[in-house]
Amino acid sequence: MNYCPNCGTRLVYNIVDGHNVKTCSECNYIDWDNWVNVSCVTVAYTNNNEIIMVRLKEDNKITFPGGYRELGETLEQGATREFYEETGMTVKEVKLYRAYTKDEIRLVWIVFKGKVDEIKFTDNSEVSEIILVKNPSDVDVRDFRGPLTIDVFNSLFE
Ligand SMILES: [Zn+2]
């Protein structure tokens, strides 16, 4: 950010609380440069105690249903909407499970747990198939999309 979002003055570097940050000399706005995108991810269980994972069309990798929260949504609404968009299923009893920060891509991953009563899959632009996992050996971790998926997955079987 080069200009103040409040008053349009050109921002200049200053030390604030030990951080070298851009500040506005007119209105004292501080650009902390700490924005992140928030992704809402859901680990949903079937009545048979299986976990629902998805294979992404983009890279053929496996992860949990999820995506970016939209402005105006609660985190739970974002998780529920993304789950529906990627599977066609309505997840319920959505509860916070854990959260991760991944600053190198300015991402916060909020992971929920939930339940699904009826298993079905509605074809969509993002996901090629759903994968039901009962035991860790049901999937190959090397097919997972990234370290966050692996970490969440492993935590479920500890
Ligand atoms: Zn300003």
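For clarity, every value in this text was computed on a predicted model and none was experimentally measured.

Calculation criteria
Residues numbered from 1 in each chain as written. Predicted model: local features only at pLDDT ≥ 70, side-chain atom pairs only at ≥ 80, totals over all residues. Helix = DSSP H or I, 4+ residues; strand = E, 2+ residues; numbered from the N terminus. Rg over C-alpha atoms; globule rule 2.2 N^0.38 Å. Buried ≥ 20, exposed ≤ 12 C-beta atoms within 10 Å, placed from the backbone. Pairing = 2+ DSSP bridges. Expected span 1.5 Å × (residues − 1).

So, about the overall build of the protein. When helices and strands are tallied, the protein shows two helices and ten strands. For the protein, the C-alpha radius of gyration of 20 Å lies well beyond 15 Å, the compact-globule estimate for 158 residues. Dimensions of the protein along its principal axes, counting C-alpha atoms only, are 60 × 30 × 30 Å. Burial analysis of the protein (158 residues in total) assigns 25% to the buried set.

The next thing to look at is the environment of N28. Along the polypeptide, N28 turns up in the loop between strand 2 (19–23) and strand 3 (30–31). By C-beta crowding, N28 is classed as exposed, having 11 other C-beta atoms within 10 Å. Taking the C-alpha atoms as reference points, N28 and N135, separated by 107 residues in sequence, lie 55 Å from one another.

Right, let's talk about the sheet that holds strand 1 (residues 12–16) for a bit. What the three strands build is an open sheet, ordered 1-2-3; its pairing is antiparallel. Each of the sheet's edge strands pairs with one partner strand only, and the pair in question is strand 1 and strand 3. The sheet contact formed by strand 1 and strand 2 spans five bridges and is antiparallel. Its bridge partner being in strand 2, V12 is matched across the sheet by T23.

Over its 13 residues, helix 1 (residues 75–87) runs 18 Å from end to end, which matches the ideal 18 Å to within 8%, given 1.5 Å per residue. All of the buried residues in helix 1 are G78, A79, T80, E82, F83, E86 and T87. Phi turns positive, to about 90 degrees, at G88, one or two residues after helix 1.

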